[in-house]
Amino acid sequence: MFLQIIGRNQRFRFISSIYYRSVETIHRYFRIVLKIVFKLYKHLIKDLEDIVPAEIMNNHKFYPYFKV
């Protein structure tokens, strides 16, 4: 449910019709998982230096597309 809401930009009401749960239940579980993701974000999300390879970072042709 969480990944459908985040990844596909689905609404709570649409998800509740798929899983036959109330909107309050969907909202409650969404907030629980969201709090866990916030606690684990350091392990789930890496810095830009870790993601962009050195070949791209040092190349002026490609690096402007990876700037934040």
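### Topic: the nonpolar core
Judged by nonpolar contacts, Phe2, Ile5, Ile15, Ile26 and Phe30 together constitute the single largest core of five residues. Setting aside chain neighbours within four positions, we find Ile5 in contact with Gln10, Phe12, Ile15, Ile26 and Phe30.

### Details of unusual backbone geometry
Notably, Asn9 is not glycine yet its phi reads approximately 55 degrees, a positive angle. Within the fold, Asn9 resides in the loop between α1 (2-8) and α2 (12-19). Relative accessible area serves as the criterion here: at 53%, Asn9 is assigned to the exposed category. Its identity as a non-glycine residue notwithstanding, Tyr20 has a phi of 55 degrees, on the positive side. Inspection of the secondary structure assignment puts Tyr20 in the loop between α2 and α3 (23-39).

### Structural notes on α3
Two residues of an α-helix separated by three or four positions point the same way, owing to the 3.6 residues in each turn. The terminal C-alpha atoms of α3, which comprises 17 residues, lie 24 Å apart, in line with the 24 Å expected from a rise of 1.5 Å per residue. Within α3 the residues assigned to the buried category are Thr25, Ile26 and Phe30. With its buried residues spanning 125 degrees around the axis, α3 presents them on a single face. Exposed side chains of α3 directed beyond 90 degrees from the buried face belong to Glu24, Phe38 and Lys39. Check the buried side of α3 and you find it contacts α1 and α2.

Criteria and cut-off values
- Residues numbered from 1 in each chain as written.
- Predicted model: local features only at pLDDT ≥ 70, side-chain atom pairs only at ≥ 80, totals over all residues.
- Heavy atoms only, no water.
- Core = buried A, V, L, I, M, F, W, Y, C linked by side-chain atoms within 4.5 Å.
- Buried < 20%, exposed > 50% of the residue type's maximum accessible area, 1.4 Å probe, protein only.
- Contact = heavy atoms within 4.5 Å.
- Helix = DSSP H or I, 4+ residues; strand = E, 2+ residues; numbered from the N terminus.
- Expected span 1.5 Å × (residues − 1).
- Arc of directions from axis to C-beta.

Just geometry here; none of it tells us what the structure is for.
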